[in-house]
6 protein chains.
Amino acid sequence: MRFDEAYSGKVFIMSRPTYEDADAILYGMPMDWTVSFRPGSRFGPNRIREASLGLEEYSPYLDRHLEEAAYFDAGDIPLPFGNAQRSLDMIQDYIEQILAKGKFPLGLGGEHLVSWPIIQAIYHQYPDLAVIHIDAHADLREEYEGEALSHSTPIRKVCEKIGPKNVYSFGIRSGDRDEFRYAKESGMHMSTFEVAAPLKEILPSLAGRPVYVTIDIDVLDPAFAPGTGTAEAGGISSKELLEAIHLIARSDLQVVGADLVEVAPNYDPAEQTAIAASKFVREMLLGWVKPSK
Amino acid sequence: MRFDEAYSGKVFIMSRPTYEDADAILYGMPMDWTVSFRPGSRFGPNRIREASLGLEEYSPYLDRHLEEAAYFDAGDIPLPFGNAQRSLDMIQDYIEQILAKGKFPLGLGGEHLVSWPIIQAIYHQYPDLAVIHIDAHADLREEYEGEALSHSTPIRKVCEKIGPKNVYSFGIRSGDRDEFRYAKESGMHMSTFEVAAPLKEILPSLAGRPVYVTIDIDVLDPAFAPGTGTAEAGGISSKELLEAIHLIARSDLQVVGADLVEVAPNYDPAEQTAIAASKFVREMLLGWVKPSK
Amino acid sequence: MRFDEAYSGKVFIMSRPTYEDADAILYGMPMDWTVSFRPGSRFGPNRIREASLGLEEYSPYLDRHLEEAAYFDAGDIPLPFGNAQRSLDMIQDYIEQILAKGKFPLGLGGEHLVSWPIIQAIYHQYPDLAVIHIDAHADLREEYEGEALSHSTPIRKVCEKIGPKNVYSFGIRSGDRDEFRYAKESGMHMSTFEVAAPLKEILPSLAGRPVYVTIDIDVLDPAFAPGTGTAEAGGISSKELLEAIHLIARSDLQVVGADLVEVAPNYDPAEQTAIAASKFVREMLLGWVKPSK
Amino acid sequence: MRFDEAYSGKVFIMSRPTYEDADAILYGMPMDWTVSFRPGSRFGPNRIREASLGLEEYSPYLDRHLEEAAYFDAGDIPLPFGNAQRSLDMIQDYIEQILAKGKFPLGLGGEHLVSWPIIQAIYHQYPDLAVIHIDAHADLREEYEGEALSHSTPIRKVCEKIGPKNVYSFGIRSGDRDEFRYAKESGMHMSTFEVAAPLKEILPSLAGRPVYVTIDIDVLDPAFAPGTGTAEAGGISSKELLEAIHLIARSDLQVVGADLVEVAPNYDPAEQTAIAASKFVREMLLGWVKPSK
Amino acid sequence: MRFDEAYSGKVFIMSRPTYEDADAILYGMPMDWTVSFRPGSRFGPNRIREASLGLEEYSPYLDRHLEEAAYFDAGDIPLPFGNAQRSLDMIQDYIEQILAKGKFPLGLGGEHLVSWPIIQAIYHQYPDLAVIHIDAHADLREEYEGEALSHSTPIRKVCEKIGPKNVYSFGIRSGDRDEFRYAKESGMHMSTFEVAAPLKEILPSLAGRPVYVTIDIDVLDPAFAPGTGTAEAGGISSKELLEAIHLIARSDLQVVGADLVEVAPNYDPAEQTAIAASKFVREMLLGWVKPSK
Amino acid sequence: MRFDEAYSGKVFIMSRPTYEDADAILYGMPMDWTVSFRPGSRFGPNRIREASLGLEEYSPYLDRHLEEAAYFDAGDIPLPFGNAQRSLDMIQDYIEQILAKGKFPLGLGGEHLVSWPIIQAIYHQYPDLAVIHIDAHADLREEYEGEALSHSTPIRKVCEKIGPKNVYSFGIRSGDRDEFRYAKESGMHMSTFEVAAPLKEILPSLAGRPVYVTIDIDVLDPAFAPGTGTAEAGGISSKELLEAIHLIARSDLQVVGADLVEVAPNYDPAEQTAIAASKFVREMLLGWVKPSK
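If you're wondering where the values come from, they're calculated on a predicted model, not measured in any experiment.

The rules behind each value
- Residues numbered from 1 in each chain as written.
- Chains lettered and ligands numbered in written order.
- Predicted model: local features only at pLDDT ≥ 70, side-chain atom pairs only at ≥ 80, totals over all residues.
- Heavy atoms only, no water.
- Buried < 20%, exposed > 50% of the residue type's maximum accessible area, 1.4 Å probe, protein only.
- Helix = DSSP H or I, 4+ residues; strand = E, 2+ residues; numbered from the N terminus.
- Pairing = 2+ DSSP bridges.
- Axes fitted to C-alpha atoms, helices over the stretch in contact; angles between N-to-C directions.
- Contact = heavy atoms within 4.5 Å.

Novice: When you look at the pairing of strand E5 (residues 104-109) of chain F in this model, what are you seeing that I'm missing?
Specialist: Side-chain direction in a regular strand flips from residue to residue, so the side chains alternate between the two faces of the sheet. All names here are of chain F. Burial of E5 is extensive: 6 of the 6 residues sit out of reach of the surface. Alternating residues of E5 divide into Phe104, Leu106 and Leu108 and Pro105, Gly107 and Gly109, and every residue in both groups is buried. Across 6 bridges, the pairing between strand E1 (residues 24-29) and E5 is parallel. Within the sheet, the bridge partner assigned to isoleucine 25 lies in E5 and is proline 105.

Structural data, given as structure tokens:
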């Protein structure tokens, strides 16, 4: 090893050395400036990478090894602190470049609002896009405290952009009355409280379609993911979230991008949230990214 | 806003401004002086209030909004440190005043012994009272270390006061041999280990009766509620406790008062216990308190 | 005690029952929306109040008892999340009302930007105002990341408003080059690294003048105050900060208002920051508020 | 009580005063020197003992009391820091002495490699030994980073010693590809992801056989046991592990020894891992140790 | 090593195997039942022992090695939970036995009230006893909340027993007005805020006298000892407390017993309080216990 | 920004984009395999980088800006877990390459043993090398538990390699008797307990000489650096360590390399150790690295 070749900063285990080698790009979005209750998800991507050092490279769930998944950990997008609009623009621009190279974007949040520019970019490329949204919160507000750019609004925006009937939410257990009314009346799909069982029923109807999957770590009960900004009791277990990831992996969807958001390590001195998140990322890489050849 | 109208201290979200406006009184009992292993529940009420700031005001479980529940957060009863008997007297006196005004008392502990004076006060008003007790511990000791006023004795005292056959315990997974023998021989009901399934079976038999419900947060597994004094592995999930609250809400019981006790925030740096407790309180307010008109 | 008289929420110990009884108003400003690195000071005021329960009511430093200080804990100003300008307007309006009644405003932050509207309000009343600023950070930026309303800018704004020569900073050990250049060239006073010794020298020159004192808890070394957003190694001890408070108490200044900001309890599982802050508040109340008669 | 009779150091509750009185010997192995990711299990035995102070002495699961189980807590074996081979030799020698006296060895780890010398000692005495292995990790590596003495290798060594068909692993959810291939091809039994259900099926086939049971606390999901070195999301609950212990207790196996390993208290500020572990130890003592009478 | 000789529970490093071998007896008093604000010191002795594993056996301050100090760690006195009077009786009885054998009692608390029965026992043997008291709190109350047996009263009781002029308090920075008035008027010595400097002045006047030294860990600033029940900002550093211990070691006092109390490990996830306390104990053993021959 | 240019992993703030641009190379050595008491320093370098995000780029102590210091953060050397000898060989080889390019090596540990291969490499280039060693521990053992490659031995090895009279230790407060005897008899310099004052006296005698400086973070009191493996009470403050760094910066030494070791973030939930360490690194870069032209 020559010293100029040293491992530069912490990356997710088994990252390929350059983006050209990769079918998927793993990238961080260290943004939490619209978060209302407990910010801190800006540190999520770095801690997920750190925790990945404790992972096995092989998944007995999928019988696949990270060597079979060609991905490049590109680090964090250097988002401008406190400037939500410019941050979103940078994210959208960044995703468009990934898509232009035919690669799979796998994003690490940061707050949930980051999914909004990503999905806009993906939708430009896939006009028949469906979105699978796994979360404790409906995120269907039109605005939050007078602000349309909020971590409570991204799925509403997505509904308005790609049509509510193309949006499928699972595990929702929190929101205001208007959000649940919108869910019922708009034509979108919303499964409350549960994830794996309703997902199993819905997946066949999405066969063949391009799908973006966004997972908010707070769909887990705080017992499994205390390190998040808006922990909400009554959630699912890590086992059920793994099952959901594997259901999608074994389905006939064409997953075209994904993200995992809202890991806020400061609230979790035992680091279990980052440890769990790094395993979910491994399974997403192994199950959802199709080798280019 | 005039400065003399500022929000005075932390209260549970959506508290009505005065007790006259309210159908229910939310009050804290910051007492933990008889606790044997790890005290600290005296800080429970304040942290449950603080965590309530992170709650939605709407419940998708019950399709109700906190605006529909008229309650006043009266703060903590100023209990005299270390004096168990006088603390209990103050609590009983306090509850009697709430009942005299026809309001629903919803108490936050503090240690479990606080339920004893509350139930005495309620029983005076409702001689056909039944008690539903959801807890990891039987709390059926006659005394603990020679002391009859202990957090291990309240349910025994309740049995002796209102008759064992009017007491229904659920989720019990800890106690000494005599407590379990008493449970078997006295005629009370005790379901071990499980809560929702046996509760579902029992509820119809209580239809129409006035019922007081006391919940010890340690019925949850420590994974879901690490912040409690006598954490006991092998408990139920937050999901199951929510289900139990909703089963009672949808039953034909006449709930006439309730408490949630033993939240001890110091043992839980991730604050998940207070976060979960504040959600349980919201569901109890929405599901158990009947509007006065 | 009647139940409608119960202690309403947590307040700082020995608060008078109403604001009319009080010479000083203690109030919280739970705002942290412009904070760049680690937000969380919005929870500061509540935890300082909670920690006050562990305080003695008597100060052996000043030989005074909290009974001798008539203050009312008015709770937190209900600031609108994420809206910096409107929050600042509300604070300024609030302080003007306190001043109109001839009372002493003692504020608990929240981020340091909250001092800016307070000082504007005070300056309207006291045109010959001087400001004593005790902090690790110069807070002299003109803007931060393009934003003039930032926790890095309040002292610059104060300098521009009341004239740099009326601003006295102590303990500064962090800032950018322009801030230190401004400090040198503008005519303001800045003591780097130390607090008590230079303060002792400066105080006689301020004799008789109306002075506002703003203390950022991060002037302490992180050993003494780990619970703050921008902890900076190399700070002073709690002992030195107490000495500074007592130097001011014993000086001939006319202290006309004060604040203590940037306590962010989430970063401090041992709660030592809130515990220390509650003691500083006690000493400020005892040493700086002059009885009205 | 005379002062020379004082309670010497912390022991597991209800330990008999001398080893002669005991049917089982409880002993600690404070070794973690081959651990790759997060060491710290050397402190496990002491904290499990400390947490035992919070346990009831009676088990409502088994309807037995610790008075009915005669065990002596012998403290920790004084293993030489950093010397894996000599530590293993000391453990093996220690177990042989316990077996020579006809007593049941119940060990507390420490890292999982400690099970290897124990099982060697047991196998000498019981040539038809079967091993039940409950763990998140296969521990079937031939070596780890070039080192055969590693916490990733003990079950492979056991397979090679006593024959793979006598080894039964449950709950496995992590390992490299070769480990899972070995599990399939060698003739050993491996149940992935689940514990109680497959154990129930297997137990009848082991009726009457001498069996050693080794439990790695990380078979639990990190929600239930954050305090362990290689936490792995997607595990079982404390309830399921209790069920597994009780299934074995009620089976026709002849349990001849057992251990519980990998409790690393430093990663768990809420201490829930040690609290849960102490309960598992109580149930193992009550359910698995047969009175010598 | 034979298995019946294994190390029985955790003891302070280098403890002699039996009390007969020892000049000093190290013993724990796991009592915290009169503590008002944050209990937990009952776990102090065990954690101080655990932390002693990280200590060197040699002190460069005193140029002595623990081999030169013959002490026996006798474990914790099994105090009856919640029964203050009986606990105190047991402690007094225990100390009398130690003194009867001519050994030096070195106690680990537990709350500060434990010093009261110890000093009574010592005073019976040494009627010209002086007491050195190093603490943040005066502990001079006559009663606390109506209770004379409180952790706030022991030094008052000592004053009344042995005469105020024989009591020397150092480092006091908290108490009520009456306590400081008593300190002034009674004739006792009280140095506020500082320890080493005033101790240096006082020590010569105590030359040759039998002296008991009681140290409350909260004399340290919470930065140095966050793990204590009534943390009080503005304290001394670990360095100053070490200096005080060494001043006494090098003086002409006849130290006849000592204690270190109020370590409450639950409030200190970094474990620095127990780590520091174990070092103070080492220095007390090396500096204060005179070899018997 | 193009996506292939994204910021790759976390690096210390203001790192130059390539090593060619740099006068100094910042590199991590994530090794802790010989650590006896509490391992975990392998995570130190990553957390120091993460904490650097909270730093100002300008130092008011030195009136310099990080733009004036040309350094490249090369990431962590990928050391082979558990293999001490091979890890040391890789480090030595790595440093030799840095020196061959005429650059200044600034290393982040990892355990203190990593300094041994670095100093060997430096000594080859600078035969008149002196070493300044700032630490709580003497690190002068010949072996530890029979192992010559231990974190307790590096300074002894350095003494034997470059001659004891060229080694200057400061702040030492822990070690065994032989280490202190060696310090006295060998001719090396050792200042116990203090750093800045004795350093000030020694520095003139080293004027003009090439000097390597190794700092163990545990020279700080645990109050200032709880996150380290062998925390030792009675240490210096962050302020004194900063003073020492600045004394060296302003001296006439030719600093030719440096390291900061033993940051173990797991023991410090408040993250103050990494926060302080990142500031020390900034001051070392600004004060010790001479611009190449």
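Novice: Just checking my understanding: could you explain the sheet that holds strand E7 (residues 167-172) of chain D for this structure?
Specialist: Sheet strands line up and pair through hydrogen bonds in the backbone, either parallel or antiparallel. Residues and elements named next belong to chain D. Taken in spatial order, the 8 strands of this open sheet run E4-E1-E5-E10-E9-E6-E7-E8, and their pairing is parallel. Both edges of this open sheet fall to strand E4 (71-76) and strand E8 (189-192), since each of them pairs with a single strand only. Here the strands of the sheet are splayed against their neighbours by 15° on average, with no regard to which way each runs. When strand E6 (residues 130-134) meets E7, the two strands line up parallel, connected through 4 bridges. Residue pairing in the sheet places isoleucine 134 in a bridge with phenylalanine 170 of E7. Those strands touched by helix H3 (residues 115-125) are strand E1 (24-29), strand E5 (104-109), E6, strand E9 (210-216) and strand E10 (254-261), and its axis lies near 170° from that of E10. Set on the sheet, helix H8 (residues 272-288) makes contact with E1, E4, E5, E9 and E10; between it and E10 the angle comes to about 170°.

Novice: What exactly am I supposed to notice about the arrangement of the chains here?
Specialist: Without any contact between them, chain C and chain D keep their closest C-alpha atoms 10 Å apart. With no contact formed, the shortest span from any C-alpha in chain B to any C-alpha in chain F equals 10 Å.

Novice: Please clarify how unusual backbone geometry should be interpreted in this entry.
Specialist: The general pattern is negative phi for most residues beyond glycine and trans for most peptide bonds. A cis geometry characterises the amide bond from B:Gly109 onward to B:Gly110, with omega recorded as 10°. Here B:Gly110 shows up in the loop between strand E5 (104-109) and helix H3 (115-125). Phi is positive for E:Phe193, which is not a glycine, with a value near 75°. Following the sequence through the fold, E:Phe193 ends up in the loop between strand E8 (189-192) and helix H6 (196-202). At F:Glu271, a position not held by glycine, the phi torsion is positive, near 65°. Taking the relative accessible area as the measure of exposure, F:Glu271 reaches 19% and is therefore buried.

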